[in-house]
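Spelled out from the first residue to the last, the chains are:
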Amino acid sequence: MQVAVFSTKSYDREFLLSASTESEICYDFFEERLTQRTVVLARDFPAVCCFVNDELSASVIEAIAAGGTKMIALRCAGFNNCNLHAAAEHGVKVARVPAYSPYAVAEHTVGLILTLNRKFHKAYNRVREGNFALQGMLGFDLHGKTIGVVGTGKIGQIAASILQGFGCRILAFDVHQNPECVAAGVEYVELDQLFAESDVVTLHCPLLPSTKYLVNEASIAKMKPGVMLINTSRGGLVDAKAVIEGLKTGQIGYVGLDVYEEEADLFFEDRSELVIQDDVFSRLLTFPNVLITGHQAFFTRNALEAISQVTTENLRQFLKGEKLANEVVAS
Ligand code: NAD
């Protein structure tokens, strides 16, 4: 079965090809992002393989279905970019990779916390320039600090467990308590209490209508002055303009982001020769206490292997008419 792979990078090609050598799945790679403009590329492909910033809106799904596509294999966990109702309406199946390496994202989260706190990124440049001054490098002990984990699924649970190893107290909020977290001593509290008591707030819940702008002007006002805010989940969880105001007043002391609401037009490409048109993103970059990575939390060898294997298996199940183990359907 021929599969059109969108938003392909060299590493996608390498890992998908190696996962599919023995299978009946044949990947055809496109560098383009799937959008209304590029949808013509999917024509006559029974399946497409998409990533986080491919556009799977109702109109794009209608167009791919009209071109003969019956399966969308998401090579990611989140499916907020996919209109599942439209997929159901047009008889297009959707499957995802529910967990590839939750360790990759949880470890990156802790990396952001440590880097913002101990300023490794600044030290790297300073020492290379022969500047050994410590002014501006002052951090704090993570030991004894309170970390607020919003969403204690696979990634949140691992992040909590790593941070417990640092001697942190973990407060959590989730719509469903995770019994393993409870057993490990994580304290579930209401969101307002988590905001009020946490030195670090880290987001690990999905982007849903109910979680959009979970971090906004009102919730920032409830947080501890000087709080560290970390988002490795989805950009839309955070109102970036409110975060900028919080940074300007000092209410927010540090921000670590791996995701950004408008990242689709920025991330995964070299834009170093271009002028960034997004003024909110550009303003965020001006703060000395903001650290942004370009949606790379998942990016480990282990995760890419797992993504490619599970994606190929999802497609094989579809080809064979088997039940899709990782199907996502509209709720
Ligand atoms: P998961 O499904 O295992 O866990 C999500 C948790 O969020 C669940 O426990 C769920 O009950 C909880 N939740 C749902 N609604 C909530 C709400 N309103 N408030 C609080 N909690 C709520 O997912 P996961 O594998 O841990 O991934 C978490 C998120 O990380 C994903 O949604 C995805 O967007 C993001 N992610 C980012 C990267 C990256 O590279 N930056 C990679 C993978 C996943």
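Everything numeric here is computed off the predicted structure, so don't read it as measured data.

Looking at the environment of Leu-138
Then step 1. Relative to the helices and strands, Leu-138 resides in the loop between α5 (120-128) and β6 (146-150).
Then step 2. A relative accessible area of 74% means that Leu-138 is categorised as exposed.
Then step 3. It is 46 Å that separates the C-alpha atoms of Leu-138 and Ser-18, two residues lying 120 residues apart in sequence.
Then step 4. Leaving out residues up to four positions away in the same chain, Leu-138 has contacts with Asn-117 and Lys-119.

Regarding the sheet that holds strand β2 (residues 26-29)
Then step 1. An order of β2-β1-β3-β4-β5 is seen for the 5 strands of this open sheet, with the pairing classed as parallel. Bordering the open sheet on either side are β2 and β5 (93-95), each of which pairs with just one other strand. Shown here is a sheet whose adjacent strand axes are inclined to one another by a mean of 25°, direction ignored.
Then step 2. Sitting on the sheet, helix α12 (residues 301-319) touches β1 (2-5), β2, β3 (47-50), β4 (71-74) and β5, and the angle it makes with β4 is about 160°.

A closer look at unusual backbone geometry
Trans peptide bonds make up the majority, and among non-glycine residues the majority have a negative phi.
Then step 1. For Asp-44, which is not glycine, the phi torsion reads 70° and is therefore positive.
Then step 2. On the basis of relative accessible area, Asp-44 is assigned to the exposed category, the value being 64%.
Then step 3. At Lys-119, a residue that is not glycine, the phi angle is positive and equals roughly 60°.
Then step 4. Along the chain, Lys-119 turns up in the loop between α4 (102-118) and α5.
Then step 5. For Lys-119, a relative accessible area of 11% translates into the label buried.

A closer look at the site of the ligand
Then step 1. Close to the ligand lie 23 residues, the nearest being Lys-154, Ile-155, Asp-174, Thr-232 and Asp-258.
Then step 2. Contacts to the ligand include His-295, whose side-chain N or O atom sits 3.5 Å from an oxygen atom.
Then step 3. One of the backbone nitrogen or oxygen atoms of Phe-298 is found 3.1 Å away from an oxygen atom of the ligand.
Then step 4. Considered on its own, the ligand offers 860 Å² of accessible surface; in the complex 86% of this is hidden by protein.
Then step 5. Within the shell around the ligand, the residues separate by chemical class into 10 nonpolar, 9 polar and 4 charged.

Notes on the packing of aromatic side chains
Two measures describe an aromatic ring pair: the distance that separates the ring centres and the angle between the ring planes.
Then step 1. Going through the model one piece at a time under the given rule, you end up with 10 aromatic pairs.
Then step 2. Ring centres 5.6 Å apart and planes at 25° place the aromatic pair Phe-6 and Phe-30 in the stacked group. Here Phe-6, found in the loop between β1 and α1 (10-20), pairs with Phe-30, found in the loop between β2 and β3; they are 24 residues apart in sequence, far enough to count as distant.
Then step 3. Between Phe-140 and Tyr-254, the ring centres sit 6.0 Å apart and the planes meet at 70°, which makes this aromatic pair edge-to-face. Within this pair, whereas Phe-140 is found in the loop between α5 and β6, its partner Tyr-254 is found in strand β11 (residues 252-257), the two being separated by 114 residues in sequence. Neither Phe-140 nor Tyr-254 differs from the other in exposure class; each is buried.
Then step 4. Over the aromatic face of Tyr-213 sits the side chain of Lys-212, whose NZ or CZ is 4.7 Å from the ring centroid.

Quick notes on the pattern of salt bridges
Then step 1. As enumerated under the stated definition, the model contains 13 salt bridges in all.
Then step 2. The shortest N-O distance in the salt bridge between Asp-192 and Lys-222 comes to 3.2 Å. Of this pair, Asp-192 sits in helix α8 (residues 191-197) while Lys-222 is found in helix α9 (residues 217-222), placing the two residues 30 residues apart along the sequence.
Then step 3. Of the charged contacts, one joins Glu-322 and Arg-316 as a salt bridge, the two residues approaching to 3.1 Å between their closest N and O atoms.
Then step 4. The structure contains a network of salt bridges with shared partners spanning Arg-169, Glu-187 and Glu-197.

A word on empty space enclosed by the protein
Then step 1. In this structure the tally under the stated criterion is 2 cavities of 30 Å³ or more.
Then step 2. Along the walls of the largest cavity sit Tyr-11, Asp-12, Phe-15, Leu-16, Phe-51, Arg-75, Phe-298, Leu-304, Ile-307 and Ser-308, which together make up its complete lining.
Then step 3. Ranked by residue count, the leading element in the lining of the largest cavity is α1, at 4 residues.
Then step 4. Put simply, the second largest cavity is a space of about 50 Å³.
Then step 5. As for the second largest cavity, its lining consists of Asn-231, Gly-235, Val-238, Ala-240, Leu-257, Val-259, Tyr-260, Glu-261 and Leu-284.
Then step 6. Looking at the lining of the second largest cavity, its residues break down into 6 nonpolar, 2 polar and 1 charged.

Looking at the UniProt feature "domain: D-isomer specific 2-hydroxyacid dehydrogenase NAD-binding" (unreviewed entry) in the protein chain
Then step 1. Following the UniProt record, the feature "domain: D-isomer specific 2-hydroxyacid dehydrogenase NAD-binding" (unreviewed entry) maps to residues 110-297 here.
Then step 2. Secondary structure content for residues 110-297 is 35% helix and 16% strand, and the end C-alpha separation is 10 Å.

So, the confidence of the model for the protein chain
Then step 1. Scored by pLDDT, the protein chain has a mean of 97; 100% of the residues are at 70 or more.
Then step 2. Per-element confidence in the protein chain ranges from a low mean pLDDT of 96 for α1 to a high of 99 for β6.
Then step 3. Confidence estimates for the predicted assembly give a pTM of 0.92 and an ipTM of 0.99.

Observations concerning the pairing of β6
Then step 1. Counting buried residues along β6, 5 of its 5 residues qualify, which places the element largely inside the surrounding structure.
Then step 2. Side chains Thr-146, Gly-148 and Val-150 of β6 all project onto a buried face; the interleaved residues Ile-147 and Val-149 project onto the opposite face, where all are buried too.
Then step 3. Note that β6 and strand β7 (residues 169-173) share 5 bridges and pair parallel. Following the sheet pairing, Val-150 is matched in β7 by Phe-173.
Then step 4. As paired elements, β6 and strand β9 (residues 200-203) share 4 bridges and run parallel to each other. Residue pairing across strands places Ile-147 opposite Val-200, the latter belonging to β9.

Cut-offs applied
- Residues numbered from 1 in each chain as written.
- Predicted model: local features only at pLDDT ≥ 70, side-chain atom pairs only at ≥ 80, totals over all residues.
- Heavy atoms only, no water.
- Helix = DSSP H or I, 4+ residues; strand = E, 2+ residues; numbered from the N terminus.
- Buried < 20%, exposed > 50% of the residue type's maximum accessible area, 1.4 Å probe, protein only.
- Contact = heavy atoms within 4.5 Å.
- Pairing = 2+ DSSP bridges.
- Axes fitted to C-alpha atoms, helices over the stretch in contact; angles between N-to-C directions.
- Near = heavy atom within 4 Å.
- Polar contact = N/O pair within 3.5 Å; in protein donor to acceptor, adjacent residues only side chain to side chain.
- Areas by Shrake-Rupley, 256 points an atom, 1.4 Å probe, with all protein chains shown as cover.
- Nonpolar A, V, L, I, M, F, W, Y, C, P; charged D, E, K, R; others polar.
- Phe/Tyr/Trp six-rings, centres within 6.5 Å; stacked < 30°, edge-to-face > 60°.
- Lys NZ or Arg CZ within 6 Å of the ring centre and 35° of its normal.
- Salt bridge = Lys/Arg side-chain N within 4 Å of Asp/Glu carboxyl O.
- 1 Å grid on protein atoms, 1.4 Å probe; cavity = no way out; pocket = protein on both sides within 12 Å on 5 of 7 lines; lining within 4 Å.
- Points joined across faces, edges and corners; volume = space filled by probe spheres on them.
- UniProt positions renumbered as here; feature names shortened; annotations may be inferred.
- pLDDT = per-residue confidence, 0-100.

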